[in-house]
Amino acid sequence: MDYSVPAYSCMVLAVTGLMSLPLTIADYRDRKILKRMMATTIHPSQLLLSQLIVNLLMTVVGIFLLIFLGIVLYNVKFIGDFLPMLFAFILTTLSIFSIGLLIAGLMPNGKAVNLVSYLIYFPMLFLSGATFPMQMLPDAVQTAAKFLPLTYGVRLMQGVWLGNNLSGYSLEIIVLTGILVVCSSLALSLFKWE
């Protein structure tokens, strides 16, 4: 369980970042709430930031409950240091959330967002090591998983949770930072009010 809790934490942040976040923004667009906001002085970055904060809080609550129940029911131990774990959590969360923001910015309506979110979420969920340990998957699947952003988040969070130094995860940090920068920039530039 000590090994699984950080992976399950990635599952929690993926469901929030890839399902809840883009679907909420798409729902606002479908119900013309965004069109009404367009007449105000609100900048798209403010709207996206507010959604990011709300979903981040939901993710923190979900992960807190996961860890609390893990400690109470399974005697889960946190071996790592708090600050590296906090860094790993924030970087992984923002990277995955940026993908959700990009989906919300690119897709024209809620149905399209729903479809794309599911197409991205489920492969990441089952192939990244978030649900099953990566070692249980066939070699070909492990190779394919290297193309999934959540794989790098799972590796980073598991490693730091188990007490490994952040310096051993430079590839994961670079990949997640690149995803964050590219997807956030595209989400802001491609954002549509209606």
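Throughout what follows, the structure given in this document is the object of discussion. Just so it is clear, the structure is predicted and the values come from calculations on it, not from any experiment.

Describing the overall build of the chain
Part 1 of the reasoning: Assigned secondary structure in the chain consists of eight helices and zero strands.
Part 2 of the reasoning: Beginning at the N terminus, the succession of helices and strands in the chain can be written as α-α-α-α-α-α-α-α.
Part 3 of the reasoning: Computed over the C-alpha atoms, the radius of gyration of the chain is 17 Å, within 12% of the 16 Å expected from 2.2 N^0.38 for a compact globule of 194 residues.
Part 4 of the reasoning: In terms of its C-alpha atoms, the chain occupies a principal-axis envelope of roughly 50 × 35 × 30 Å.
Part 5 of the reasoning: Taken across its 194 residues, the chain has 44% of its residues classed as buried.
Part 6 of the reasoning: Here the analysis covers contacts within the chain between residues at least 6 apart in sequence; of these, 80% occur between residues at least 24 apart.

Describing the packing of aromatic side chains
Part 1 of the reasoning: Under the counting rule described, the total for this entry stands at six aromatic pairs.
Part 2 of the reasoning: Among the aromatic residues, those joined into a ring-pair cluster are Tyr118, Tyr121, Phe122, Phe126 and Phe132.
Part 3 of the reasoning: The lysine or arginine in question, Arg155, covers the ring of Tyr152, its NZ or CZ lying 5.1 Å from the ring centre.

A closer look at the packing of helix H4 (residues 82–106) against helix H5 (residues 110–127)
Part 1 of the reasoning: Interhelical geometry of H4 versus H5 gives an angle of 155° and a closest axis separation of 9 Å. With respect to each other, H4 and H5 are oriented roughly antiparallel. Of the two elements, H4 crosses H5, and the hand of that crossing is right-handed. Counted together, Ile99, Ile103 and Ala104 of H4 and Val113, Val116, Ser117, Ile120 and Met124 of H5 form the full contact between these two elements.

Some words on a nonpolar patch on the surface
Part 1 of the reasoning: Residues Met1, Val61, Phe64, Leu65, Phe68, Leu69, Ile71, Val72, Leu73 and Tyr74 make up a contiguous nonpolar surface patch of about 1,000 Å² in total accessible area.
Part 2 of the reasoning: For Val72, a relative accessible area of 51% translates into the label exposed.

Section: the nonpolar core
Part 1 of the reasoning: Ranked by size, the top nonpolar core spans 50 residues in total, and within it Leu18, Ile25, Ile99, Leu150 and Leu156 carry the most contacts.
Part 2 of the reasoning: For this core, the secondary structure elements donating two or more residues are helix H1 (4–30), helix H3 (44–74), H4, H5, helix H7 (149–161) and helix H8 (170–190).
Part 3 of the reasoning: If one sorts the elements of this core by residue count, H4 sits on top with 11 residues.
Part 4 of the reasoning: Among residues more than four places away in sequence, those in contact with Leu156 are Ala88, Leu91, Thr92, Leu166, Tyr169, Glu172, Ile173 and Leu176.

Brief notes about the pattern of salt bridges
Part 1 of the reasoning: By the definition in use, this model includes two salt bridges.
Part 2 of the reasoning: Between Arg31 and Asp27 there is a salt bridge whose closest N-O contact spans 2.8 Å.
Part 3 of the reasoning: One salt bridge connects Arg155 with Glu172, and the closest N-O pair in it is separated by 3.4 Å. Taken together, the residues Arg155 in helix H7 and Glu172 in helix H8 connect sequence positions 17 residues apart.
Part 4 of the reasoning: Accessibility expressed as a relative area gives 8% for Glu172, which makes it buried.

Looking at unusual backbone geometry
Part 1 of the reasoning: With a phi close to 55°, Asn75 is a non-glycine residue in the positive phi region.
Part 2 of the reasoning: Among the secondary structure elements, Asn75 is positioned in the loop between H3 and H4.

The rules we used
Residues numbered from 1 in each chain as written. Predicted model: local features only at pLDDT ≥ 70, side-chain atom pairs only at ≥ 80, totals over all residues. Heavy atoms only, no water. Helix = DSSP H or I, 4+ residues; strand = E, 2+ residues; numbered from the N terminus. Rg over C-alpha atoms; globule rule 2.2 N^0.38 Å. Buried < 20%, exposed > 50% of the residue type's maximum accessible area, 1.4 Å probe, protein only. Contact = heavy atoms within 4.5 Å. Phe/Tyr/Trp six-rings, centres within 6.5 Å; stacked < 30°, edge-to-face > 60°. Lys NZ or Arg CZ within 6 Å of the ring centre and 35° of its normal. Axes fitted to C-alpha atoms, helices over the stretch in contact; angles between N-to-C directions. Parallel < 35°, antiparallel > 145°, perpendicular 65-115°, else oblique. Left-handed = near helix turned anticlockwise from the far one by under 90°. Patch = residues over 30% accessible without salt bridge, like charges linked within 9 Å, V, L, I, M, F, W, Y side chains within 5 Å. Areas by Shrake-Rupley, 256 points an atom, 1.4 Å probe, with all protein chains shown as cover. Salt bridge = Lys/Arg side-chain N within 4 Å of Asp/Glu carboxyl O. Core = buried A, V, L, I, M, F, W, Y, C linked by side-chain atoms within 4.5 Å.

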